[in-house]
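# Summary of the model geometry
These are the residues of each chain, in order.
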Amino acid sequence: MDSAGEKKEGYLSLEKIIILSSLEGSAEEESLDVTADWSEKEESIDHTVLVQNVEDEAHYYDYHIVYSASYMVPMLYFRGYSSDGKPLSLDVIKRDLPSSSVSLLLESKWTFITQEEHPYLNRPWFKLHPCGTEEWIKLLSESSSSDGCQMPVELYLVSWFSVVGQVVGLKIPREMLI
Amino acid sequence: MAVKYVWEGAIPLQIHLHKSEVASHPPPPPALVLAPRIGYLPLLVHLIKPYFKDSLPPGEDSIWFDYKGLPLKWYIPTGVLFDLLCAEPERPWNLTIHFRGYPSNVLIPCEGEDSVKWNFVNSLKEAAYIINGNCKNVMNMSQSDQEDLWTSVMNGDLDTYTRLSPKIKMGNIEDEFSRKASVSSPQSRQGGTEIDVAGQVKTARVPVRLYVRSVSKDFENLEDVPEMDTWDEISYLNRPVQFLRKEGKCFTLRDAIESLLPEYIRDRAQRSGEEGEQRTTDASDVSQETRGELKLVRIQGIEMKLEIPFSWVVNNLMNPEFYLHISVLVKEPQR
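Predicted model, so just to flag it, every value in this text is computed and none were measured. Residues take numbers from 1 onward in each chain, read along the sequence in its written order. Numbering of ligands from 1 and lettering of chains from A proceed in the order in which they are written. With pLDDT at 70 or above as the cut-off, local features in this predicted model cover only qualifying residues; side-chain atom pairs require 80 or more to be listed or tallied, and sums for whole chains, interfaces and linings still use all residues. The basis for every side-chain value is the complete set of non-hydrogen atoms in the structure, without hydrogens or water.

Below, the discussion takes up the packing of helix 4 (residues 113–132) of chain B against helix 6 (residues 143–154) of chain B. Helices that pack against each other are described as a pair by the angle of their axes relative to one another and the distance between those axes. All names here are of chain B. Axis lines are fitted to C-alpha atoms, over the contacting stretch for helices. Their N-to-C directions set the angle, which ranges from 0 to 180 degrees. Only DSSP runs of H or I covering at least 4 residues are called helices, and only runs of E covering at least 2 are called strands; the numbering of each starts at the N terminus. Packing of helix 4 against helix 6 leaves a shortest axis separation of 11 Å and a crossing angle of 110°. Between helix 4 and helix 6, the interaxial angle falls into the category roughly perpendicular. Contacts from Glu113, Val116, Lys117, Phe120, Val121 and Leu124 of helix 4 reach helix 6 at Gln146, Glu147, Leu149, Trp150, Val153 and Met154. For this scheme, ten residues count as nonpolar: Ala, Val, Leu, Ile, Met, Phe, Trp, Tyr, Cys and Pro. Four count as charged, namely Asp, Glu, Lys and Arg, and the remainder, Gly too, count as polar. In terms of residue class, the contact of helix 4 with helix 6 is made up of 8 nonpolar, 1 polar and 3 charged. Angular relationships are summarised with four words: roughly parallel below 35 degrees, roughly antiparallel beyond 145, roughly perpendicular across 65 to 115, and oblique for the angles in between. Throughout, a contact is declared for two residues whenever any of their heavy atoms are within 4.5 Å.

The next subject is the interface of chain B and chain A. Contacts between chain B and chain A engage 24 residues on the former and 17 residues on the latter. Once two parts are put together, the accessible area they lose, assessed with a 1.4 Å probe and summed over both, is termed the buried area. Between chain B and chain A, the buried area comes to about 1,700 Å², and carbon and sulfur atoms account for 48% of it. Considering only the surface of chain B that becomes buried against chain A, B:Ile108, B:Trp118 and B:Tyr129 emerge as the three largest contributors, covering 27% of it. What counts as a salt bridge is simple: a side-chain nitrogen of Lys or Arg found within 4 Å of a carboxyl oxygen of Asp or Glu. Counting the contacts that link chain B with chain A gives 1 salt bridge. In protein, a polar contact means a hydrogen-donor-capable atom and an acceptor-capable atom, both N or O and within 3.5 Å, with residues adjacent in sequence counting only if both atoms are side-chain atoms; elsewhere, any N or O pair within 3.5 Å suffices. At the boundary of chain B and chain A, one finds 8 residue pairs in polar contact (both at pLDDT 80 or more). A per-element tally of the side of chain B that touches chain A places helix 4 of chain B first, with 6 residues. Its residues assigned to classes, the side of chain B that touches chain A comprises 14 nonpolar, 4 polar and 6 charged.

With that settled, the discussion passes to the environment of B:Tyr129. Along the chain, B:Tyr129 turns up in helix 4. Each C-alpha atom, one on B:Tyr129 and one on B:Ser152, is 22 Å from the other, the two residues being 23 residues apart in sequence.

The subject of this paragraph is the sheet that holds strand 4 (residues 70–71) of chain B. Residue and element names in this part refer to chain B. Strand pairing follows a simple DSSP-based rule, namely that at least 2 bridges must link the two strands. Spatially, the 5 strands line up as an open sheet ordered 2-1-5-3-4, and their pairing is mixed. Two strands bound the open sheet, and with one partner strand each, they are strand 2 (31–36) and strand 4. Pairing of strand 3 (residues 64–67) with strand 4, which is carried by 2 bridges, proceeds in the antiparallel orientation. The residue bridging Asp66 from the neighbouring strand is Pro71, located in strand 4.

Now for the nonpolar core. Grouping buried Ala, Val, Leu, Ile, Met, Phe, Trp, Tyr and Cys residues that are joined through side-chain atoms within 4.5 Å yields what is termed a nonpolar core. Think of it in three bands: with a 1.4 Å probe and only protein chains considered, a residue is buried below 20% of the maximum accessible area for its type, exposed above 50%, and partly exposed in between. If you look at the biggest cluster of nonpolar residues, it comprises 94 residues, and the most contacted ones within it are B:Leu85, B:Trp93, B:Trp231, B:Leu253, B:Phe310 and B:Ile326. Contact partners of B:Trp93, with chain neighbours within four places excluded, come to B:Ile11, B:Pro12, B:Leu13, B:Gln14, B:Tyr67, B:Thr78, B:Leu81, B:Phe82, B:Leu85 and B:Cys86. Residues A:Leu76, A:Phe78, A:Ile93 and A:Val167 belong to the second largest nonpolar core, which totals 22 residues.

Patch members must show over 30% relative accessible area and no salt bridge, and they are joined within 9 Å when carrying like charges or within 5 Å when they are nonpolar side chains of Val, Leu, Ile, Met, Phe, Trp or Tyr. Note on areas: Shrake-Rupley, 1.4 Å probe, and residue coverage restricted to the protein chains presented here. Only four residue types enter the tally: Lys and Arg on the positive side, Asp and Glu on the negative side, with His and both chain ends excluded. Think of each charge as sitting on NZ of Lys, CZ of Arg, CG of Asp or CD of Glu. Judged by side-chain charge, B:Glu88, B:Glu220, B:Glu223 and B:Asp224 come together as a negatively charged surface patch. Note that B:Glu220 resides in the loop between strand 7 (208–215) and strand 8 (234–238).

Turning our eyes to something else, we now look at the pairing of strand 5 (residues 124–128) of chain A. For a regular strand, the rule is simple: side chains alternate between the two faces of the sheet. Residues and elements named next belong to chain A. Buried residues dominate strand 5, accounting for 5 of its 5 residues. Neither face of strand 5 is open: one carries Pro124, Phe126 and Leu128, the other Trp125 and Lys127, and all of them are buried. The sheet contact formed by strand 4 (residues 113–117) and strand 5 spans 5 bridges and is antiparallel. Each bridged residue has a counterpart across the sheet, and for Glu116 the counterpart in strand 5 is Trp125.

Let us now look at the confidence of the model for chain A. Residue and element names in this part refer to chain A. Every residue is assigned a pLDDT by the predictor, reflecting its confidence on a scale from 0 to 100. Taken residue by residue, chain A gives an average pLDDT of 63. The fraction at 70 or more is 44%. Confidence scores differ between elements of chain A, with helix 3 (residues 133–142) showing the lowest mean pLDDT of 60 and strand 5 the highest of 88. Confidence drops under pLDDT 50 across residues 1–8; counting only partners more than four residues distant or on other chains, this segment forms 5 contacts. Across residues 21–55 the pLDDT falls below 50, and counting only partners more than four positions away or on other chains, this stretch makes 68 contacts in the model.

Let us now look at the sheet that holds strand 10 (residues 293–299) of chain B. All names here are of chain B. Strand order in this open sheet of 5 strands is 8-7-12-10-11, and the pairing throughout is mixed. The open sheet has two edge strands, strand 8 and strand 11 (302–303), and neither has a second partner. By the bridge criterion, 5 bridges tie strand 7 to strand 8 in an arrangement that is antiparallel. Each bridged residue has a counterpart across the sheet, and for Arg209 the counterpart in strand 8 is Asn238. Helix 9 (residues 253–260) contacts strand 7, strand 8, strand 10 and strand 12 (324–331) of the sheet and is inclined by roughly 115° relative to strand 10.

In this section: the pattern of salt bridges. Oppositely charged side chains can pair when the atoms bearing their charge come close. All names here are of chain B. Per the stated rule, a full pass over the model turns up 16 salt bridges over all chains. Notably, a salt bridge pairs Lys68 with Glu227, separated by 3.0 Å at the nearest N-O pair. With Lys68 in the loop between strand 3 and strand 4 and Glu227 in the loop between strand 7 and strand 8, this residue pair connects regions lying 159 residues apart in the sequence. Note on Lys68: relative accessible area 49%, which makes it partly exposed.

Another point: the side chain of B:Glu90. Residue and element names in this part refer to chain B. With respect to the helices, strands and loops of the structure, Glu90 is situated in the loop between helix 3 (78–85) and strand 5 (93–98). Buried within the structure, Glu90 lacks any salt-bridge partner; its nearest side chain of opposite charge belongs to Lys68, at an N-O separation of 4.2 Å. Among residues more than four places away in sequence, those in contact with Glu90 are Tyr67, Lys68 and Phe82.

Below is the structure:
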């Protein structure tokens, strides 16, 4: 809320995640456990992430969660770039993902990645398609909520992210799983 | 029928080959093309390329357009681009075509007709989700029906589109006002809007894409509106409008736009000329200069009167993918 008391539109942002890949042989990524501050901000949250000292090519990733008013679900936007700022292609990004993510992407009819314009930033980003979101959220919540009403936002986001995060190789730290 | 005018709407284009790509002497004259408003620029390439193919340097094509240096987003319907970027309509509209040097840091990639078709079907699915609450109607369409539908849009073939559109099974978009007005022509209700016991429409979400261009200073003529340098000057809102039910009152185009842009809601006292309630600040103290204002609203090239019932606007002026595209020029509120 700003001084006029108006709600401002924003998005959740997690930036500068570093994934290291070795130059020779198959790319070995390090999936990094990240603690994220899930408050709504318009500026990016700069997280310094502890990385191993390897003299390899570093790939940087930014993740934004933007709410889709049409589908009424959150959507994950992400992009990768190398240290000189050059954007990474989807093929390169896929090589950075853990192999479990790649098979999830290929097999699941609910998750696929498209290149679209970021709704706020006017640049091409990769987006995880929201099509099946509502269905698998329902599957996740079936066992938990008894009265069938809306689950609290935090729980929704964590559930949503537990699936979506897997696709792009992000893990939720244990503290967040209540 | 209004939809016929919408489908027949076209923009005369004068397309210039970018000077860096002219490899012939003398340089080729510009191509003159009539572009359908509901169409997309990449679909015109097959008409334009013959004019320039002898002038192009060797290499592979990666085609894109610009208007006064601004790279044009190919997935926005041509008519919308024109309404938005040309405050004072330019006829013919002078665009530059490039066959090299695709600005992939700014524009998402375009692989010709396939990309445009994918974008169209995706928008149709999104509109379906908004109207019906799910995309099943589009997903359940046969592949050949989807193909035929897309082809009818590409070719501007309204007859085929009209024949095919019942197969999309898109719900009706209505509010109380238009329902009463169309009582003489009963239509089958195909889901989408909730009906309660009394038969009154409860909720309806309408697919809208709002393009907002703002100027900081007021202007007398449209030609005084400064040119756009970057897309960062446009706010793009891809957000459904919710029909709000107010007893006895019609939901107007103004109501719809104000629901998406609450900072441009006109002061109630100013609107109705009434005294209004006791205010701590006298409304007249806040002068016109400091208030934000909707200066111009264009849909399908028409400058809209804002008091028109929104349901009429939607049903008559929407694009083939069931989205209503609205270009708005506003004067920013001064803070």
